[in-house]
Amino acid sequence: MSLSRRGPKPNIPRIESLHVENYRALRKVELDRLTGMTVLLGPNGSGKSTIFDVFNFLSECFQFGLRHAWDRRGRARELKSRGAEGPIVFDLKYRETPGTPIITYHLAIEEGSKGPEVVEEWLQWRRGKHGQPFRFLAFRRGAGQAVSGELPDAEDERKETTLRSPDLIAVNTLGQLAEHPRVAALREFITDWYVSYLSIDQTRSQPEAGPQERLSKSGDNLPNVIQYLKEQHPERLEEIFAVLRQRIPRLERVEADPMPDGRLLLQIKDAPFEQPVLSKFASDGTMKMLAYLTLLYDPEPPRFIGIEEPENFLHPRLLPELAEECRAAAERSQLLITSHSPFLLNAMRADEVRVLYRDEQGFTQAVRASDIQGVPEFMDAGASLGYLWMEGHFGLGDPLTNQGLPRTGKRSDG
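Residues numbered from 1 in each chain as written. Predicted model: local features only at pLDDT ≥ 70, side-chain atom pairs only at ≥ 80, totals over all residues. Heavy atoms only, no water.

### Observations regarding helix α9 (residues 284-296)
Note that an α-helix has 3.6 residues per turn; residues three or four places apart therefore point the same way.
Thinking step 1. With 13 residues, α9 should reach 18 Å at 1.5 Å per residue; the first-to-last C-alpha distance of 18 Å fits that figure.
Thinking step 2. Most of α9 sits inside the fold, with 12 of its 13 residues counted as buried.
Thinking step 3. Regarding α9, the residues found buried are Gly285, Thr286, Met287, Lys288, Met289, Leu290, Ala291, Tyr292, Leu293, Thr294, Leu295 and Leu296. (Helix = DSSP H or I, 4+ residues; strand = E, 2+ residues; numbered from the N terminus. Expected span 1.5 Å × (residues − 1). Buried < 20%, exposed > 50% of the residue type's maximum accessible area, 1.4 Å probe, protein only.)

Shown next, in the form of structure tokens:
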């Protein structure tokens, strides 16, 4: 069964745009009019992984705290754009559900005398088409005010609050209180993001037995998730195996069984053979495809999923199929994918693809593929996006020509 046919489409939050300033190579970049699935395309060093890490950084800030996310990336010395003045800035525009007002979340971070500080943070929305923008949360360096209630309005009472430390994120702190449901919704959304840094070797690990609902970023708990699906959602696990059998010749099933010492053993059973083989002897492609399908077929998937270069270790002919799995999953989650693969790109629409390149100052710029001159016309004539890219019709982001810079007449989102 296709993912797209599993019940009604859920009302999930959707990111409409992301604006970033002073974050490594992202001196000033905006990705606007984001779709349910966005693919970042560009040569090595163009900034794909940096944009990917923006989502991971924000996710870690909400899960483990700003100081943790800041310090593990080398603090301001490594995080701030070279020569940049002012704080690192993130502006996230999103809707909680389709048709609801756009909410803007602004977060500005700077290095203080004792570590990172939230120099400015606010949440803003516009009630109705002609209403004035209203900030229902506004904080500076640990002190500010917030308006409570389901539909915070300018007429409502503002409650002054002082946080324990300037490195605390107000949305993360106040979002734990029932009196701030709009703030809590954003906190829950960002905390739920899944940004994958899948390691094939980690998927072959033998973790302690026990079911786990969500695949970890590295995939080291894959056996635990298989065990959870086997116990709680056997029909979903069989769907995964059915797809896997279509993609991997002769594969019959995957087993996750407890060992006497309490660890889980993941084994792969091939149809011609009576005994399964240990996962550590299975092919890299088999393990990666299993991990991706486990993620994409999650019964309660993350609301945002980031996948970096899914083509690695997979046969090129499997990539259009994987792209369709991602497209189906995009009805239940919002996906961000980085890629170098024309085969994956062939399955994408031009408005779903952002081509990245570094400008003459060395900073990342982004162009929507549908805004590149000639690309929509080629697509209307039946051309595939991946082949247009490989044949040089994009005119930018090509590492072998003009240092990846665009030819004249291209427009950038940033």
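From this point, things continue past the structure.
### Concerning the sheet that holds strand β7 (residues 133-140)
Thinking step 1. One open sheet accounts for eight strands, arranged β2-β1-β4-β5-β6-β7-β8-β9; its pairing is antiparallel. Bordering the open sheet on either side are β2 (26-31) and β9 (158-162), each of which pairs with just one other strand. Along the sheet, successive strands turn relative to each other by an average axial angle of 20°, direction set aside.
Thinking step 2. Pairing geometry for strand β6 (residues 115-126) and β7, over six bridges, is antiparallel. Bridged to Trp122 within β7 is Ala138. (Pairing = 2+ DSSP bridges. Axes fitted to C-alpha atoms, helices over the stretch in contact; angles between N-to-C directions.)

### Considerations on the pattern of salt bridges
Thinking step 1. For the structure shown, the criterion picks out 32 salt bridges.
Thinking step 2. The salt bridge partner of Arg247 is Glu325, with a shortest N-O separation of 3.0 Å. In this pair, Arg247 is assigned in helix α8 (residues 234-247) and Glu325 in helix α10 (residues 319-329), connecting sequence segments 78 residues apart. Across this residue pair, the class does not change: Arg247 and Glu325 are buried.
Thinking step 3. Arg349 is the salt-bridge partner of Glu352, the closest N and O atoms lying 3.2 Å from each other.
Thinking step 4. Exposure remark for Glu352: the relative accessible area of 3% places this residue in the buried category.
Thinking step 5. Through salt bridges with shared partners, a single network forms among Arg24, Asp53, Glu60, Arg72 and Arg73. (Salt bridge = Lys/Arg side-chain N within 4 Å of Asp/Glu carboxyl O.)

### Some details on the domain arrangement of the protein chain
Thinking step 1. Domain assignment breaks the protein chain into domain 1 (14-196 + 302-404) and domain 2 (206-297).
Thinking step 2. Taking the mean C-alpha position of each, domain 1 and domain 2 sit 31 Å from one another.
Thinking step 3. Each side of the interface is counted separately: domain 1 has 24 residues, and domain 2 has 16 residues.
Thinking step 4. Of the roughly 1,800 Å² buried at the junction of domain 1 and domain 2 (both faces included), carbon and sulfur atoms supply 59%.
Thinking step 5. A per-residue breakdown of the area domain 1 buries against domain 2 is headed by Tyr194, Phe313 and Glu325, which together make up 32% of the total.
Thinking step 6. The interface formed by domain 1 and domain 2 contains three salt bridges.
Thinking step 7. Note that Arg214 is salt-bridged to Asp192, the shortest N-O span being 3.4 Å.
Thinking step 8. The interface formed by domain 1 and domain 2 holds eight residue pairs in polar contact (both at pLDDT 80 or more) in total. (Domains from an automatic or database assignment. Contact = heavy atoms within 4.5 Å. Buried area = accessible area lost by both parts, 1.4 Å probe. Polar contact = N/O pair within 3.5 Å; in protein donor to acceptor, adjacent residues only side chain to side chain.)

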